[in-house]
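Chain and residue survey
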Amino acid sequence: LTVRVAIAGVGNCASVLLQGIEFYKIGRREGLWHKRVGGLAVKDIRIVAAFDIDSRKVGTDIADAANEEPNVARKVLEIPPMGVRVEAGLVEGEVPPHLRNERIVKSDARNVVKTLGESNADILLNLISSGSNRASIAYANACLKASCSYANCTPTLVLKERSIVSRFRDAKLAIVGDDLMSQFGGTIFHRGVLKMMVDRGVKVLKSYQLDVGGGAETFNTIDEEIKMVKRRLKTESVVSEVPYKFETIAGTTDYVDYMNNDRTSYFWIEGRGFMNSPITFDVYLRSSDGANAGNILLDVIRSVCASARSGRYGAIEEICAYAFKSPPSKMHFDEAYSRFQEKFVY
Ligand SMILES: NC(=O)c1ccc[n+]([C@@H]2O[C@H](COP(=O)([O-])OP(=O)(O)OC[C@H]3O[C@@H](n4cnc5c(N)ncnc54)[C@H](O)[C@@H]3O)[C@@H](O)[C@H]2O)c1
């Protein structure tokens with residue numbers, strides 16, 4: 001049994017994913033969260049198609065595109081040529097800020113559907129830059145035409161469009177999203193600390209999470225419009241752990257080019273304990289974006305494939321709540337993980 005994967009957006013996340021597949025396919029375990037998901041091992045994953053719009057990447061083998069500028073993900077190993085050529089992708093109006101001075105190569109929906117169809121992809125991972133909302137919807141439509149499930153890792157709210165979800169269900173395909181949640185990044189860490197405070201009877205008053213990082217994605221995120229959208233999604237994800245209103249802000253505040261694919265998240269939380277005694281939490285977390293997406297992407301690929309094969313279609317609730325910041329139905333992160341584990345970790 002294998003799962004055939006197409007990728008839209010050969011950026012830092014894709015680069016780490018490809019390296020991770022090479023790293024783990026020979027049976028290594030260190031750093032791998034789940035050895036098998038839906039009965040599939042990492043060695044069962046095949047990359048069969050790829051799309052990008054950056055002229056430095058289109059037309060090259062995906063292994064070369066993964067190392068191409070402006071990607072800055074850490075290089076742990078050399079990805080061997082994969083025989084998968086990066087095809088021109090879809091642009092529907094918005095151009096990511098980091099590509100505004102570069103040559104863009106775009107294609108039309110018919111070509112994308114054709115490539116997806118001919119590659120027999122089971123799933124398309126949408127890893128394009130944030131802010132390209134219309135393109136993220138266009139890739140969903142291409143999947144419907146090519147009979148391919150869809151994972152939207154970008155902050156575009158694709159699953160909020162109920163008609164799209166029902167078209168996936170009717171076509172007997174799965175759709176999951178929106179906005180990938182890292183394995184141990186700022187959002188899940190913030191949620192974890194808040195939940196522990198609530199569980200231990202501490203009243204949460206205020207918190208913030210200020211993220212600073214490098215890489216094209218952070219560069220794009222400091223664009224005011226994209227920044228506010230991402231901030232809203234992160235903040236909504238964080239507040240879902242606290243059963244009452246409190247003041248909080250979570251989001252990217254700055255871009256520092258030499259941080260490359262790394263990110264530092266600064267947290268400050270204020271609470272009250274016994275007889276209103278003050279409790280303050282002031283720490284930072286340093287992590288690497290691409291690497292933080294690796295385990296989750298491997299789990300999404302394998303669980304989506306397992307759901308579709310077992311006859312579950314449309315939005316798969318357990319996958320959305322475990323692996324994404326804005327799932328159609330919100331769940332506490334520990335409940336989401338136990339439900340994911342129960343259904344898929346075998
Ligand atoms: N841990 C994480 O890294 C993480 C967490 C949550 C969400 N995400 C989301 O994943 C996505 C990818 O993140 P990244 O760090 O790899 O970004 P990146 O900027 O490194 O890569 C994005 C790639 O998409 C390409 N692209 C842009 N528009 C495109 C289009 N219309 N069609 C095809 N390709 C297009 C770019 O040329 C680039 O190669 C982003 O939307 C980000 O918000 C990532």
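What you see is a predicted model; the values in this text were computed from it and never measured. (Residues numbered from 1 in each chain as written. Predicted model: local features only at pLDDT ≥ 70, side-chain atom pairs only at ≥ 80, totals over all residues. Heavy atoms only, no water.)

1. Notes on the sheet that holds strand β10 (residues 262–272)
- The sheet built from 4 strands is open, its strands ordered β9-β8-β10-β11 with mixed pairing. The strands lining the two open edges of the sheet, one partner per strand, are β9 (247–255) and β11 (278–288). Here the average twist between neighbouring strands, direction ignored, is 10°.
- Relative to the sheet, helix α9 (residues 289–309) contacts β10 and β11, its axis offset from that of β11 by approximately 90°. (Pairing = 2+ DSSP bridges. Helix = DSSP H or I, 4+ residues; strand = E, 2+ residues; numbered from the N terminus. Axes fitted to C-alpha atoms, helices over the stretch in contact; angles between N-to-C directions. Contact = heavy atoms within 4.5 Å.)

2. Observations regarding the site of the ligand
- For the ligand, the set of nearby residues contains 31 residues, the closest of which are Asp-52, Lys-57, Leu-90, Ile-128 and Tyr-139.
- Leu-90 is positioned such that a nitrogen or oxygen atom in its backbone is 2.7 Å from a nitrogen atom of the ligand.
- In this structure, Asp-289 approaches the ligand through a main-chain N or O atom, which is 2.9 Å from a nitrogen atom.
- For the ligand, whose free accessible area comes to 850 Å², the fraction covered by protein is 97%.
- At the level of elements, α1 (12–24), β2 (45–52), α4 (133–146), α7 (215–221) and α9 are the ones that each hand at least two residues to the shell around the ligand.
- When its residues are assigned to classes, the shell around the ligand shows 16 nonpolar, 7 polar and 8 charged. (Near = heavy atom within 4 Å. Polar contact = N/O pair within 3.5 Å; in protein donor to acceptor, adjacent residues only side chain to side chain. Areas by Shrake-Rupley, 256 points an atom, 1.4 Å probe, with all protein chains shown as cover. Nonpolar A, V, L, I, M, F, W, Y, C, P; charged D, E, K, R; others polar.)

3. Focus: the side chain of Asn-295
- Inspection of the secondary structure assignment puts Asn-295 in helix α9.
- With a relative accessible area of 7%, Asn-295 lands in the buried category.
- Beyond its immediate sequence surroundings of up to four residues, Asn-295 is in contact with Gly-31, Leu-32, Trp-33, His-34 and Gln-183. (Buried < 20%, exposed > 50% of the residue type's maximum accessible area, 1.4 Å probe, protein only.)

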